[in-house]
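Analysis of the macromolecular model
Spelled out from the first residue to the last, the chains are:
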Amino acid sequence: MRYVPRLMQPPEPVSGRYGPYGGRYVAETLMPALDELTHAYEESQGDPAFQAELGSLLHHYAGRETPTYFASRLSEELGSRIWLKREDLCHTGAHKVNNTIGQILLAKRMGKTRIIAETGAGQHGVATATACALMGLPCEVYMGAEDVRRQAPNVRRMELLGAEVHSVTSGSATLKDAMNEALRDWVTNVRTTHYCVGSVAGPHPYPLIVRDFQAVIGQEARAQMLEQAGRLPDAVVACVGGGSNAMGIFAGFIDDESVRLIGVEAAGEGIETGRHAAPLCEGDVGVLHGAKSYVLQTPDGQIKEAHSISAGLDYPGVGPEHAWLKDIGRATYVSVTDDAALDAFQQLCRTEGIIPALETSHAFAYLPAVAKELGSDADILVCLSGRGDKDLETVLQKLKERG
Amino acid sequence: MGRIAHAFENARNENRAALVIYLCAGDPDLSTTADLVVAAAESGADVIELGVPFSDPTADGPAIQRAAERSLAGGTTLAKVLDTVSAIRGRTDVPILLFGYYNPILSYGEQKLVDDAAQSGADGFLVVNLPPEESAGLRGPAVDKGLDFVPLVAPTSNPERIAQAASAATSFIYYVSMTGVTGSKAADLASASERAGALQRELGRPVAIGFGIKTKEDVSTVAPHVDGVVVGSAVVRTIEDAASPDEAVASVRALVSELAQGLGRR
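Counting restarts for each chain: residues are numbered from 1 in the order of the written sequence. Naming scheme: in the order in which they are written, chains are lettered from A and ligands are numbered from 1. Two thresholds apply to this predicted model, a pLDDT of at least 70 for residue-level local features and 80 or more for giving and counting side-chain atom pairs, whereas whole-chain, interface and lining totals are computed over all residues. Think of the side-chain values as coming from all heavy atoms in the structure, minus any hydrogens and water.

Here we come to the overall build of chain A. Runs of E in the DSSP output that reach at least two residues are strands. Runs of H or I that reach at least four are helices, and both are numbered from the N terminus. Looking only at helices and strands, chain A features 16 helices and 14 strands. Taken over C-alpha atoms, the radius of gyration is set against a globule rule of 2.2 Å times the number of residues to the power 0.38. By the compact-globule yardstick of 22 Å for 403 residues, chain A fits well, its C-alpha radius of gyration being 20 Å. With respect to the principal axes defined by its C-alpha atoms, chain A has extents near 80 × 50 × 45 Å. Exposure was quantified through the Shrake-Rupley algorithm and a 1.4 Å probe, taking into account, for residues, occlusion by the shown protein chains and nothing else. Split by element, the accessible area of chain A, about 14100 Å² in all, is 51% carbon and sulfur. Only four residue types enter the tally: Lys and Arg on the positive side, Asp and Glu on the negative side; His and the chain ends are excluded. Here the site of a charge means atom NZ of a Lys, CZ of an Arg, CG of an Asp or CD of a Glu. Taken together, the 37 basic and 51 acidic charged side chains of chain A have centroids lying 2 Å from each other.

Let's shift gears to unusual backbone geometry. Residues other than glycine predominantly adopt negative phi, and peptide bonds predominantly adopt the trans conformation. Residue and element names in this part refer to chain A. Omega for the peptide link from Arg64 to Glu65 comes to 5°, which places this bond in the cis form. For Glu65, the position within the fold is in the loop between α2 (48–61) and β3 (68–70). With an omega dihedral of 15°, the bond running from His204 to Pro205 counts as a cis peptide bond. Along the chain, the position of Pro205 falls in the loop between β8 (193–195) and α9 (206–228). A positive phi is found at Ala173, a non-glycine position, where the angle reads about 55°. The residue Ala173 is located in the loop between β7 (164–168) and α8 (175–189) in this model. A positive phi angle is found at His289, which is not glycine, with a value near 50°. Position of His289 among the secondary structure elements: in the loop between β11 (284–288) and β12 (291–295). The rule is simple: take the accessible area with a 1.4 Å probe, protein chains only, and divide by the maximum for that residue type; under 20% is buried, over 50% is exposed, in between is partly exposed. Take His289: its relative accessible area is 7%, and that puts it in the buried class.

What follows concerns the interface of chain B and chain A. By definition in these notes, contact holds between two residues if any of their heavy atoms fall within 4.5 Å. Across the contact, 54 residues belong to chain B and 45 residues belong to chain A. Roughly 4100 Å² is buried in total at the junction of chain B and chain A, and carbon and sulfur atoms are behind 50% of that figure. For this document, the term salt bridge refers to a Lys or Arg side-chain nitrogen within 4 Å of an Asp or Glu carboxyl oxygen. Linking chain B to chain A there are three salt bridges. In this structure, Glu134 of chain B and Arg17 of chain A form a salt bridge, with 2.3 Å as the shortest nitrogen-oxygen distance. Buried area is calculated as the accessible area (1.4 Å probe) missing from two parts once they are joined, with the contributions of both summed.

This paragraph deals with the sheet that holds strand β4 (residues 81–86) of chain A. All names here are of chain A. Strands are labelled as partners when DSSP assigns at least two bridges between them. Taken together, six strands build an open sheet; the order of strands is β3-β4-β14-β9-β10-β13 and the sheet is mixed. A strand with exactly one partner marks an edge of an open sheet, and here the two such strands are β3 and β13 (331–337). Shown here is a sheet whose adjacent strand axes are inclined to one another by a mean of 25°, direction ignored. Pairing between β4 and strand β14 (residues 379–384): six bridges, direction parallel. Among the inter-strand pairings, Arg86 is bridged to a residue of β14, identified as Leu384. Comment: axis = line fitted to C-alpha atoms, over the contacting stretch for helices; angle = value between 0 and 180 degrees taken between N-to-C directions. Packing of helix α15 (residues 367–374) onto the sheet brings it into contact with β4, β9 (235–239), β10 (260–268) and β14, and relative to β14 it is tilted by some 165°.

Bringing the confidence of the model for chain B into the picture now. Per-residue confidence for chain B averages 96 on the pLDDT scale, and 100% of its residues sit at or above 70. Here the predicted complex scores 0.95 on pTM and 0.96 on ipTM. The predictor's confidence in any single residue is recorded as pLDDT, a number from 0 to 100.

Printed below as a string of structure tokens:
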């Protein structure tokens, strides 16, 4: 009889789980590509030539290592010793390049001839376009139309770097929709194309690969703290959108139980307004863009639009490893509003002569609370994930509106 | 044997492929969806894939994306889709495969969904972003209840993954004709259907081919090779273009009748 079903058990779940989170919830068409990427990544980890090339590019091209800087005037204002891990000094102005150089090297290793990426603030798009220019690969970047508008300087930078920028008008026209469109491109062109995911989100192995490429932030910072402060920090603070800079700096301290890890999400116009981007603080478990994690969603399982002044945090999902760190209590996740981020932005400009990205400003906005709790004898390390030149127009307009 | 497997066997006995028609539930509204399912079944559809709309349909092209947006704007939920299936069951026995994305299912609760779906008279599940590796939580309860779980095989699937899909299948396997999203222009339907046919012979179970099949001519190109033919975006576009729900029902009736003429094996 031909149609009798064989009731076999399905295969074991794929690796790439963080407790119940992570996994691979994608179309079948993409599954072999994720296997291929996993194998290529595992091989590259054991290949001294790959590691040497990556290390050399990070040093000579991207400008690593980046300094850890004692922010004395900010420390004085806040009442704790504040240290800044200066990822804003990386080539392209943010930590994103750590990951894109690694992934584009991997793409070349796999023989891929075309690169696509999604971007929110444009920093990942710029970093991908940069790595593609460096390695001679064509690059197309999907960016929400709303973000194209508010991060116009980065659109121009990508174009100068030779990338084609696709403005995505579906849905909320922000990062979530850009990622949808990038996935649609990838499912169409998967044989020739590498999808360079910019955060610790997406299906396995992306959360793993992106964390590992960003872990250099935490590894350097740990050694620098021991050398410069003579001790580990009491707390490490980073902003969380998808969560790549936070995962990168947390990775260096995750085994140091004395170090508190604090991720700061975007509370947008205020958690109580519902217009925010804080899935770890306010979301539920769900599946978005290939991974199980915390997600902003309706009771019926539809993904809600996120809201943040910062395009890079304007995302209703978050990397699965953050979900796990939250559940096991290893990291704490909090949120700050657009207004608080704007205040912190100005404070850092004024006290330290550093213009931070609006994303990064969220981490700074939570510092007063950490400093108040930990007191004057505490060392607090902040991931200064990017610089804020791209945000000047948004900031100046908002400040004008506030009067 | 479930209703879906039975429908495929009926079609084989008639020396033709089975016609699988996709409709997005709630487009233009759920009451019209019930009429559309009945009309499609009366016009020659052997199986209905009833799309459960999702806010972020990453495997779908523009036509089905827009249908999902219209449906969600109208307040469609998974619970209301199940109510609609119950209502349809008073009018037709056509097999109904619930087709969608995983998050609304996870949010509803997998076991609860299986129970409620069985109660409503639905016949199974096809979840686009739930590969065999992640499917145990839905497939297990579904199989226990006698509901089907339909896995997908893509042009990129290697032999190992094809074997996985085959062992997860309970009735038919959905073969994606090309790398792409729904509604894309098919590159080469003839060779895709030959690959699907080879797969069907190798696995010894029915394969339906979908993606990029729009016209009666497309149907007659693929029908000789496989046991099932899926048409989705073309139906959804017909509904989108209709000036009223009544016109949508009439147009779908005409389109499905025409598509059904291409199913023969000759």
